[in-house]
Amino acid sequence: MNGPDRKQAEVRRMLKQARPAAVPADLVPCATALGVRLMRRRRAARRVFWTLLFVAVFLFGLWASLTQPWAVPPTETTPPLEGW
């Protein structure tokens, strides 16, 4: 056998001899509790995001209706006098 074949054979032998990892008895309840916490956090974050977005849109609309940025500002100089 050459080097790579010997290594592959050794790895296969080690994998066959290895016993499965021990799984804790409370793995499912712990994973479920973690999943519930993550879902609750994501739901809360999503609600905060949408609330802040709606507040920002409302405040922007209120600001725009009060300041009317689309209106032309009044001129600060007098028009030229004609006919003197």
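Just so it is clear, the structure is predicted and the values come from calculations on it, not from any experiment.

1. Some words on unusual backbone geometry
Even without being glycine, Q68 reaches a positive phi, approximately 45°. Note that Q68 resides in the segment after α2 (27-67).

2. Observations regarding the packing of aromatic side chains
Under the counting rule described, the total for this entry stands at three aromatic pairs. Ring centres of F49 and W50 lie 5.5 Å apart, and the angle between their planes is 70°; this geometry places the pair in the edge-to-face category. Taking 6.0 Å as the distance between ring centres and 35° as the angle between the ring planes, the aromatic pair formed by W50 and F54 counts as tilted. Of this pair, W50 and F54 both sit in helix α2, four residues apart, roughly one helical turn. Take W50: its relative accessible area is 41%, and that puts it in the partly exposed class. Cluster of aromatic residues (ring-pair linked, three or more members): F49, W50 and F54.

Parameters at a glance
Residues numbered from 1 in each chain as written. Predicted model: local features only at pLDDT ≥ 70, side-chain atom pairs only at ≥ 80, totals over all residues. Heavy atoms only, no water. Helix = DSSP H or I, 4+ residues; strand = E, 2+ residues; numbered from the N terminus. Phe/Tyr/Trp six-rings, centres within 6.5 Å; stacked < 30°, edge-to-face > 60°. Buried < 20%, exposed > 50% of the residue type's maximum accessible area, 1.4 Å probe, protein only.

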